[in-house]
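# Coordinate inspection notes
Take a look at the letters that make up each chain.
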Amino acid sequence: MNRLVDWFKKDKQLLEDRGAFIIRQLSIYLSAEAIFRSLAQILTEASGVAMASTMVQCLNTILLTSTEIYELPSQLKELSSELVQLIESPIFAYLRLQLLEANDNPELIKSLYSLLMILPQSEAFKLLRYRLECISLIYLSVVSDNGPRKKNVEKNNLL
């Protein structure tokens, strides 16, 4: 898998054009879960954000559309196996730090709360809820206060 990722790093066009096909074909002969887990592990250690982003998009497309890995999406839906806790991985440390700047990132916080609302009450739910509870109430009040009032002030200045 390391060699495959290195190959994709060297030839980005190959990843974009044939990456999904290659991974789907590997999933026929090997365990799809093992492939996705090893790729996730390699990507968390990767330094190239652009390549990792393209690879994640490719893996998401495979998860959503591929019939070769029919058991993996059902395992993820049923939460029958451990799920990768992406927000806790080192690559998302910058995202977690952005939670401290709630007034600059209200869309991020709203998105995470939306995810919280659709997650089943599991360990992932508890973990995300704990992260969101760590955000200071002061920041949350600033975010809610800056919404409509800021727009009204801008309107009044135009008049």
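Since we're looking at a predicted model, the values are computed, not measured. Each chain carries its own residue numbering, running from 1 in the written order of its sequence. Whole-chain, interface and lining totals are the exception, using all residues; otherwise, since this is a predicted model, local features are given only for residues with pLDDT of at least 70 and side-chain atom pairs are given and counted only at 80 or more. Side-chain metrics rest on all non-hydrogen atoms present in the structure, leaving aside hydrogens and water.

## As for helix H1 (residues 2–10)
Applied cut-off: Relative accessibility thresholds used throughout: buried, under 20% of the residue-type maximum; exposed, over 50%; partly exposed, between the two (1.4 Å probe, protein chains only). Elements are defined by DSSP. Helices are runs of H or I of four residues or more, strands are runs of E of two residues or more, and each kind is numbered from the N terminus. In this description, one arc is meant: the one made by directions from the helix axis to the C-beta atoms.
Among all positions of H1, only Leu 4, Val 5 and Phe 8 are buried. Projected down its long axis, H1 carries its buried residues within an arc of 100 degrees, all on one side. In this structure, H1 carries Arg 3 and Lys 10 as exposed residues pointing more than 90 degrees from its buried face.

## What about the packing of aromatic side chains?
Heads up, the rule is: Aromatic rings from Phe, Tyr and Trp, with only the six-membered ring used for Trp, were paired whenever their centres fell within 6.5 Å, and each pair was classed as stacked if the ring planes differed by under 30 degrees, edge-to-face if by over 60, and tilted otherwise.
In this structure the tally under the stated criterion is one aromatic pair. Summarising the aromatic geometry, the rings of Trp 7 and Phe 8 are spaced 6.5 Å apart at their centres and angled 5 degrees between planes, so their arrangement reads as stacked. Judged by its relative accessible area of 46%, Trp 7 is partly exposed. Residue Phe 8 is classed as buried on the basis of its relative accessible area, which comes to 0%.

## Some details on the side chain of Ser 66
Put simply, the rule is: We call two residues in contact whenever any of their non-hydrogen atoms come within 4.5 Å of each other.
Mapped onto the elements, Ser 66 comes out in the loop between helix H4 (49–65) and helix H5 (71–78). When its relative accessible area of 10% is taken as the criterion, Ser 66 is described as buried. If sequence neighbours within four positions are ignored, Ser 66 has contacts with Arg 24 and Thr 61.

## Looking at the confidence of the model for the protein chain
To keep it simple, the criterion reads: Values of pLDDT, which run from 0 to 100, indicate the predictor's confidence residue by residue.
For the protein chain, the mean per-residue pLDDT works out to 75, and 71% of the residues sit at or above 70. In the model of the protein chain, helix H10 (residues 148–158) stands out as the element of lowest mean pLDDT, 48, in contrast to H1, which has the highest, 90. Here residues 149–157 is a poorly scored stretch, pLDDT under 50, and it has one contact once near neighbours within four places are set aside; other chains count.

## Points about the nonpolar core
Using the following cut-off: To define a nonpolar core, start from buried Ala, Val, Leu, Ile, Met, Phe, Trp, Tyr and Cys residues and group those joined through side-chain atoms within 4.5 Å.
Membership of the largest hydrophobic core comes to 21 residues, with the highest contact counts inside it found for Phe 8, Ile 23, Met 55 and Leu 59. Listed by contribution, the elements that provide at least two residues to this core are H1, helix H2 (12–29), helix H3 (32–45) and H4. Ignoring sequence-local partners within four residues, the contact set of Met 55 consists of Phe 8, Leu 15, Ile 23, Leu 39 and Leu 43. Counting residues in hydrophobic clusters, the runner-up holds ten residues, among them Leu 99, Ala 102, Ile 109 and Leu 116.

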